[in-house]
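Chain residues, written in single-letter form:
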Amino acid sequence: MATTDTPRMVVGVPRENRAGETRVALTPTALPQLTKAGFDVVIESGAGALAGYPDAAFTDRGARIGTRDDAFAADVLVQVNVMDGDASNAELSKLRQGQVVIGAVAPFARPELVKAIAGTGATLFALELVPRSTRAQSMDILSSQAAVAGYKAVLIGASELPKMFPLLTTAAGTIAPAKVFIVGAGVAGLAAIATSRRMGSLVEAYDVRPAAREEVESLGARFVELPLETGQEEGSGGYAKQLSEETIKKQQELMAKTVAASDVVITTAQVQGSTAPVIITTEMIKGMAPGSVIVDLAAEQGGNCEPTVAGEIVDVDGVKVIGVVNLPGEIPVHASQLFGKNVANFLGLMVVGGKLDTGVDDDVIKESVVAAGGDVVNNRVREALGLEKLPEPEPPAPEPAADDTPAAEEAAK
Ligand code: NAD
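Below is a short write-up of the structure. (Residues numbered from 1 in each chain as written. Predicted model: local features only at pLDDT ≥ 70, side-chain atom pairs only at ≥ 80, totals over all residues. Heavy atoms only, no water.)

Bringing the overall build of the chain into the picture now. On a plain count of helices and strands, the chain comes out with 14 helices and 19 strands. Seen along its three principal axes, the alpha-carbon backbone of the chain occupies a region of about 75 × 50 × 40 Å. Burial statistics for the chain: of 413 residues in total, 52% are counted as buried. Carbon and sulfur atoms make up 53% of the accessible area of the chain, which amounts to about 18500 Å² in all. Within the chain, one finds 35 positive and 53 negative side-chain charges whose respective centroids are separated by 3 Å. (Helix = DSSP H or I, 4+ residues; strand = E, 2+ residues; numbered from the N terminus. Buried < 20%, exposed > 50% of the residue type's maximum accessible area, 1.4 Å probe, protein only. Areas by Shrake-Rupley, 256 points an atom, 1.4 Å probe, with all protein chains shown as cover. Lys, Arg positive; Asp, Glu negative; His and termini not counted. Charge placed at Lys NZ, Arg CZ, Asp CG, Glu CD.)

Quick look at the structure:
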């Protein structure tokens, strides 16, 4: 807790630069927590407007409204997409030695950005690297945003489908419920299962991790059994491992019947650090009835379906394959609220004795720092840049698997 003679630390929130981004990195709900931890918050005027938070909503909770430069002058700069957008290169010169930058960085896709920020002397935290552990869940932006995306994917599937989702018994006859198939039962997949169930459809789901079965069934969906040797009993940090080409091929063959019988397929399969596995081929899609819909959540990672194009709807013999991008940005009020809470919780870990300590001995902080002391400090990013590896720190003590994620619990309600 800050004392009265300690100058308060300042968090700055600029408007997002990335084209089409509607979210904001902090929302008014997170402000009391930050104030209590010793932070003052300055928001660039209008930064929350597209997310549904006018300037007054921030000032009501004690924030100050300022210019973009005021936000960049803060001790801690928070952004949904760090330095992403046309003006970003020019803005690198606004960063300075000792400043802290936090947000989604895409550090492996943008290693040069990490290097450039390291060059300014700022300390950069990539929130995508927050570990998937029980303790870190409240700071995990990938989980909070994926839960929102899974929900929205179902709404898109339902509105594009020329059929009803629920069973309907009327004097004019009975309408059968739609059949929804969810591929990948991680955070987004579980949210999609829960949403589809609430809307009255029959839901089936598949995941390569056998542990997913229990979660799928607890949400009232049927787990599709595929006799495959996936070797996923022990994933790393809650993520799946990559399957061999041969196993993927077998998976496609075994899954073709389920896909063909579905009205809506929602694909969410991902293997961290690689492009998305292509699970649904064009041939499989041709087996579906015209009018059916596929919503591919992995579109930005290359897609789980062969014909997927990110940001577009591709027609395959009357089946719509929708390559959705930035779905959280379509629900910016709540996506920003969750993102902001993740940021506030993350920042709270670094406050020691009323001061910000970026070197605090905490696994969540240590795993997400990518630039510090003028250098790139994440070995995978260093590798991408052709830099020599740094000595690896001692591995953290193992934690129980995060099978009781808030997303799963929330979805189960
Ligand atoms: P997650 O890691 O929690 O879940 C992915 C699941 O896929 C895991 O359970 C994994 O076991 C499973 N999987 C991996 N390979 C598989 C295979 N061959 N067959 C079946 N299942 C397989 O990830 P998440 O946070 O739920 O995100 C899912 C996807 O959605 C990611 O690609 C993510 O980038 C994307 N996403 C998209 C948006 C958007 O707006 N488009 C938003 C958030 C997340």
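Across its 18 residues, helix α11 (residues 332–349) extends 26 Å between first and last C-alpha, which sits within 8% of the 26 Å expected from 1.5 Å per residue. Inspection of α11 places P332, A335, S336, F339, G340, N342, V343, A344, N345, F346 and L347 among the buried residues, and these make up the whole buried set. (Expected span 1.5 Å × (residues − 1).)

Below, the discussion takes up the sheet that holds strand β18 (residues 369–372). If you trace the 8 strands from one edge of the open sheet to the other, you get β3-β2-β1-β4-β5-β6-β18-β19, paired in mixed fashion. Two strands close off the open sheet at either side, each with one partner strand: β3 (64–66) and β19 (375–376). Where strand β4 (residues 76–81) and strand β5 (residues 100–104) come together, 5 bridges link them in parallel fashion. Following the sheet pairing, N81 is matched in β5 by A104. (Pairing = 2+ DSSP bridges.)

Time to look at the environment of N379. As for its position among the elements, N379 is in helix α13 (residues 379–384). Once the C-alpha coordinates of N379 and V78 are considered, the two residues, 301 residues apart in sequence, prove to be 23 Å apart. Among all residues touching N379, those that are not within four sequence positions of it are K389, L390 and E392. (Contact = heavy atoms within 4.5 Å.)

This paragraph deals with the nonpolar core. One broad rule of soluble globular proteins: the nonpolar side chains tend to lie buried together. Among the nonpolar cores identified, the biggest contains 58 residues, and I193, Y206, M255, I266, I280, I285 and I294 are the most heavily contacted of them. Core analysis: the next-biggest nonpolar cluster, separate from the first, contains 40 residues, L31, A63, V78 and M350 among them. (Core = buried A, V, L, I, M, F, W, Y, C linked by side-chain atoms within 4.5 Å.)

Inspection of the region around the ligand gives 31 residues, with R132, A188, D207, R209 and L327 positioned closest. Between the ligand and V187, the relevant distance is 3.0 Å, taken from an oxygen atom to a main-chain nitrogen or oxygen of the residue. Here an oxygen atom of the ligand and a backbone polar atom of N326 are 3.3 Å apart. Contact with the protein chains covers 94% of the free accessible surface of the ligand, which is 860 Å². Counting only elements with at least two residues in the shell around the ligand, the list comes to α6 (141–160), α7 (187–198) and α9 (245–260). Here the residues of the shell around the ligand are counted per class, giving 20 nonpolar, 7 polar and 4 charged. (Near = heavy atom within 4 Å. Polar contact = N/O pair within 3.5 Å; in protein donor to acceptor, adjacent residues only side chain to side chain. Nonpolar A, V, L, I, M, F, W, Y, C, P; charged D, E, K, R; others polar.)

Next up on the list: the environment of E128. Looking at the element boundaries, E128 is found in the loop between β6 (123–126) and α6. Not counting chain neighbours up to four residues away, the residues in contact with E128 comprise G103, A104, V105, A106, P107, I141, L142 and Q272. One polar contact links the side chain of E128 to the main-chain amide nitrogen of V105, over a distance of 2.8 Å.

The next subject is the packing of aromatic side chains. Counted by the stated rule, this structure contains 3 aromatic pairs. Pairing F125 with F346 gives two aromatic rings, centres 5.4 Å apart and planes at 70°, and the pair type is edge-to-face. Placement of the pair is F125 in strand β6 and F346 in helix α11, with a sequence separation of 221 residues. Across the pair, F346 and F125 agree in class, each one buried. Taking the centre distance of 6.0 Å and the plane angle of 35° together, the rings of Y206 and F223 count as tilted. Here Y206 is found in strand β10 (residues 202–206), whereas its partner F223 is found in strand β11 (residues 222–223), with 17 residues between them in sequence. With respect to class, Y206 is no different from F223; both count as buried. Of note, K94 hangs over the ring of F72, and the distance from its end group to the ring centre comes to 5.0 Å. If you follow R380 out to its NZ or CZ, it ends over the ring of F108, 3.7 Å from the centre. (Phe/Tyr/Trp six-rings, centres within 6.5 Å; stacked < 30°, edge-to-face > 60°. Lys NZ or Arg CZ within 6 Å of the ring centre and 35° of its normal.)

Here we take up the packing of α6 against α11. Packed helix pairs are specified by the crossing angle of their axes together with the interaxial distance, meaning the distance between the axes. At a closest axis distance of 9 Å, the pairing of α6 and α11 adopts a crossing angle of 165°. By the angle between their axes, α6 is roughly antiparallel relative to α11. Two packed elements cross with a definite hand, and for α6 against α11 that hand is right-handed. Side by side, α6 and α11 meet where I141, S144, Q145 and V148 of the first sit next to A335, L338, F339 and N342 of the second. (Axes fitted to C-alpha atoms, helices over the stretch in contact; angles between N-to-C directions. Parallel < 35°, antiparallel > 145°, perpendicular 65-115°, else oblique. Left-handed = near helix turned anticlockwise from the far one by under 90°.)

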